[in-house]
Amino acid sequence: YVQSYFQIKSVEWKDQGFYSVAWIFSRHLREIWKSKLSLIELPKVPQITQNGGQPISSEIPSFHLNSTLNLKCETSGGIPEPTLNWWLYDSSRNEKVFLRKDSGSVSTLKYGPLMRHHHNNRMICEAQNNEQVAPEAEIQIQMISMKMSVCSCPNRITIHVIQLF
């Protein structure tokens, strides 16, 4: 068994294409290996903002029960051009659920209404242009929920509003 390899140092865009490598042992052609070299340039790490372009707080953003997320994901660069994939990471089930895919460098997502079970879940936007690695951004959903209690006391009604979570 003879181990061999083919290596290109300092790869440039012009190096893309098809290559044939022949192994010759004792003046006899033993094998021809053909391969295609394709190069990629990763897209920039995406940014998630509110759909109107307003940044989302760097602190953990808080969302109200029954509200709808209106998010925008944006990236730049990448050869070939990336697709933007939206995922919901469900922390209670420890699973990643695919939501949608858009071609290009901008994608919007409308998701809701938010319920109690969305608390601590994450929305992930992934900029993918290859099968190996994809830069991603995420936000964590922290729910703000209101609980009301009503006290009927003689001659007055008192309402207490308490934040949960």
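Note that the coordinates shown come from a computational prediction; the quantities given were computed from them, not determined experimentally. (Residues numbered from 1 in each chain as written. Predicted model: local features only at pLDDT ≥ 70, side-chain atom pairs only at ≥ 80, totals over all residues. Heavy atoms only, no water.)

What is the right way to look at the sheet that holds strand β10 (residues 136–140) in this model?
The strands making up a sheet associate through hydrogen bonds between their backbones, and the pairing can be parallel or antiparallel. In spatial order, the strands read β7-β6-β9-β10; together these four strands make up an open sheet with antiparallel pairing. One side of each edge strand has no neighbouring strand; the edge strands of this open sheet are β7 (95–103) and β10. Here the strands of the sheet are splayed against their neighbours by 20° on average, with no regard to which way each runs. Sheet topology places strand β9 (residues 122–128) next to β10; five bridges connect them, and they run antiparallel. Paired with Met123 across the two strands is Ile139, which belongs to β10. (Pairing = 2+ DSSP bridges. Helix = DSSP H or I, 4+ residues; strand = E, 2+ residues; numbered from the N terminus. Axes fitted to C-alpha atoms, helices over the stretch in contact; angles between N-to-C directions.)

Sorry, what's going on with the sheet that holds strand β3 (residues 47–50) here?
The strand order across the open sheet formed by three strands is β3-β5-β8, and the pairing between neighbours is antiparallel. Two strands lie at the open edges of the sheet, namely β3 and β8 (106–111), each paired on one side alone. Neighbouring strand axes in the sheet, compared pairwise and without regard to direction, differ in orientation by 25° on average. With six bridges joining them, strand β5 (residues 69–74) and β8 adopt antiparallel strand pairing. Pairing of Cys73 across the sheet is with Ser107, part of β8.

Please explain the state of the cysteines as it appears in this structure.
Each disulfide is one covalent bond, formed between the sulfur atoms of two cysteines. Tallied over the entire structure, the rule returns one disulfide. Sulfur-sulfur distance for the disulfide between Cys73 and Cys125 comes to 1.9 Å. For the disulfide bridge between Cys73 and Cys125, the dihedral angle about the S-S bond is near -90°, and by the sign convention the bridge is left-handed. Here Cys73 is found in strand β5, whereas its partner Cys125 is found in strand β9, with 52 residues between them in sequence. We classify Cys73 as buried; its relative accessible area is 0%. Accessibility expressed as a relative area gives 0% for Cys125, which makes it buried. (Disulfide = S-S within 2.5 Å. Buried < 20%, exposed > 50% of the residue type's maximum accessible area, 1.4 Å probe, protein only.)

Which parts of the structure should I look at to understand the packing of aromatic side chains?
The description of two aromatic rings rests on the distance between their centres and on the angle between their planes. If you walk through the whole model with that rule in mind, you get one aromatic pair. Ring geometry for Trp87 and Phe98: centres 5.2 Å apart, planes at 75°, overall edge-to-face. Linking Trp87 in strand β6 (residues 83–90) with Phe98 in strand β7, this pair joins segments that are eleven residues apart in sequence. Lying across the ring of Trp87, Lys96 places its NZ or CZ 4.8 Å from the centre. (Phe/Tyr/Trp six-rings, centres within 6.5 Å; stacked < 30°, edge-to-face > 60°. Lys NZ or Arg CZ within 6 Å of the ring centre and 35° of its normal.)

Looking at this structure, I do not really get the environment of Glu81. What am I missing?
Residue position: Glu81 is located in the loop between β5 and β6. The exposure class assigned to Glu81 is exposed, which follows from its relative accessible area of 56%. For the pair formed by Glu81 and Ala127, sequence separation is 46 residues and the distance between their alpha carbons is 9.2 Å. If near-sequence neighbours (up to four positions away) are discounted, Glu81 is found in contact with Gly104, Ser105 and Asn129. (Contact = heavy atoms within 4.5 Å.)

Explain unusual backbone geometry here, please?
Note: most residues except glycine have negative phi, and most peptide bonds are trans. Residue Pro80 follows Ile79 across a cis peptide bond; omega there is -5°. Mapping Pro80 onto the fold places it in the loop between β5 and β6. Residue Pro113 is reached from Gly112 by a cis peptide bond, and omega for that bond is 5°. Its identity as a non-glycine residue notwithstanding, Asn66 has a phi of 75°, on the positive side. Of note, Asn120 is a non-glycine position whose phi angle comes to about 70°, a positive value. Topologically, Asn120 is positioned in the loop between β8 and β9.

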